[in-house]
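Chain by chain, the residues:
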Amino acid sequence: MKVKCIIVDDEPNAQAILKLHCDKIDFLSVENIFSNAIEAASYLKSNTIDLIFLDIEMPQVTGLIFLRMIDSDAKVIFTTAYSEYALEGYEFNVVDYLLKPITFERFSKAVKKISVKNEVKEPTDLIKLSQLHQSIKPSEIIYLESIGNYVKIYFSKSKTEIIHSTLKDLYEILLVYNFIRCHKSFVVNQKFIEEVYPNFIKTTSNKEIPLGISYRQQVRERMKEK
C-alpha cells in the first residue's frame, strides 16, 4: 500500500530534491507539490494524505501556522534550513526533522519511521491472495517471476505456486514486506539477497536473478539501508 504524500515548500530546488528522493522510495507516492501553505490547506480539505513534507519558513503562512489551520491525520516531516525550530515539532507529533540540504540517506531514515508508526511491517506475516485457496507467508517467498499473464512464486522450502496476476499488482502488496523490483520480470525478497552483482542478484539459496539496468541504482540503495 502506497503512502500518499504532498510536498509543501516555497523553494523550487527543495521541491525538486524532495520529489527526487520520494521517487526512489517504492512505497511513497507524491500526490501534489505546493509552493505555499494556503494552497496545501485547501487541497487537504478534499483529499486524504498520509504524509506531509513541510517547510517551516514560508511567506504568508509558515509551516507551524499551517499545522494549526488544518484538520488532518497526516504525519509530518519538517524540512527546513533552520535548526532552531526542532523543538516546536513536538507540539504536532512530527515524525522527523530534516535539515537542508537533505541527503537521501537522511531522508530514507526519516521515512522509515513512517513505516514503523503506521505499522507497515509483518507482525502476523500472513497475506491472502484471492487467486490462492490458502494464505501465504511473505517471509517465506524468495522471489517472484512474471510469466506472461501469470506470476510464479518461489518459496524458501523448494515450493512454487503459479497464479493469474500481474507482477505489478503483487509487488504493490509485497512492498511493505521489503520486496525489491530488480527486473521487469522479477521481484525479490530483500532478506534472501546474498550478493548484488552488476547484472544479477545472488540469493541465499544460490539462485541467480537478473538485475535490470534501470533497477540497479534502486537495488543498491535499498541494500545499503538494510
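Residues numbered from 1 in each chain as written. Predicted model: local features only at pLDDT ≥ 70, side-chain atom pairs only at ≥ 80, totals over all residues. Heavy atoms only, no water.

In space, the five strands of this open sheet follow the order 8-7-6-10-9, with antiparallel pairing throughout. Looking at strand neighbours, the two that pair on one side only are strand 8 (160-164) and strand 9 (179-183), the edges of this open sheet. This sheet shows a mean twist of 20° between the axes of neighbouring strands, independent of strand direction. Relative to strand 8, strand 7 (residues 150-155) is paired through five bridges, and the arrangement is antiparallel. The partner of Val151 across the bridge, within strand 8, is Ile163. (Pairing = 2+ DSSP bridges. Helix = DSSP H or I, 4+ residues; strand = E, 2+ residues; numbered from the N terminus. Axes fitted to C-alpha atoms, helices over the stretch in contact; angles between N-to-C directions.)

Looking now at the nonpolar core. It is characteristic of soluble globular proteins that their nonpolar side chains tend to be buried jointly. Judged by nonpolar contacts, the single largest core of 23 residues is most densely connected at Ile6, Val8, Leu44, Ile52, Leu54, Phe66 and Phe78. When residues of this core are traced back to their parent elements, those giving at least two are strand 1 (3-8), helix 2 (37-44), strand 3 (51-54), helix 3 (63-69) and strand 4 (75-80). Looking at which element gives the most residues to this core, the answer is helix 2, with five residues. With residues near it in sequence (within four places) discarded, Ile6 still touches Glu31, Asn32, Phe34, Ala40, Tyr43, Leu44, Ile49, Leu51, Ile52 and Phe53. Within the second largest apolar cluster, 19 residues are counted, among which are Phe27, Leu51, Ile77 and Val95. (Core = buried A, V, L, I, M, F, W, Y, C linked by side-chain atoms within 4.5 Å. Buried < 20%, exposed > 50% of the residue type's maximum accessible area, 1.4 Å probe, protein only. Contact = heavy atoms within 4.5 Å.)

Attention now goes to the environment of Lys100. Within the secondary structure layout, Lys100 lies in the loop between strand 5 (96-99) and helix 4 (104-117). Ignoring any residue separated from it by four or fewer positions in sequence, one finds Lys100 in contact with Asp9, Glu11, Ala14, Asp55, Thr79, Thr80 and Ala81. Of the polar contacts made by the side chain of Lys100, one reaches the side chain of Asp9; its length is 2.7 Å. (Polar contact = N/O pair within 3.5 Å; in protein donor to acceptor, adjacent residues only side chain to side chain.)

Within the secondary structure, Asn36 is located in the loop between strand 2 (28-34) and helix 2. Looking at Asn36, the relative accessible area reads 19%, which means it is buried. Within polar-contact distance, the side chain of Asn36 engages the backbone nitrogen of Glu39 at 2.9 Å.

Another aspect to go through is the side chain of His21. Turning to its location among the elements, His21 is positioned in helix 1 (residues 12-23). For His21, a relative accessible area of 7% translates into the label buried.

Along helix 2, the residues classified as buried are Ala37, Ala40, Ala41, Tyr43 and Leu44. Within helix 2, the buried residues cover an arc of 160° as seen down the axis, which keeps them to one side. As for helix 2, its buried residues are in contact with strand 1, strand 2, strand 3 and helix 3. (Arc of directions from axis to C-beta.)

Here we come to a nonpolar patch on the surface. On the surface, a nonpolar cluster with roughly 290 Å² of combined accessible area is contributed by Ile147, Tyr150 and Ile162. Its location among the elements puts Ile147 in strand 6 (residues 141-147). (Patch = residues over 30% accessible without salt bridge, like charges linked within 9 Å, V, L, I, M, F, W, Y side chains within 5 Å. Areas by Shrake-Rupley, 256 points an atom, 1.4 Å probe, with all protein chains shown as cover. Salt bridge = Lys/Arg side-chain N within 4 Å of Asp/Glu carboxyl O.)

Attention now moves to the sheet that holds strand 11 (residues 193-196). Taken in spatial order, the three strands make up an open sheet running 11-12-13, and their pairing is antiparallel. Of all strands in the sheet, those bounded by a partner on one side alone are strand 11 and strand 13 (208-210). Pairwise comparison of adjacent strand axes, ignoring direction, gives a mean angle of 30° for this sheet. Across three bridges, the pairing between strand 11 and strand 12 (residues 200-203) is antiparallel.

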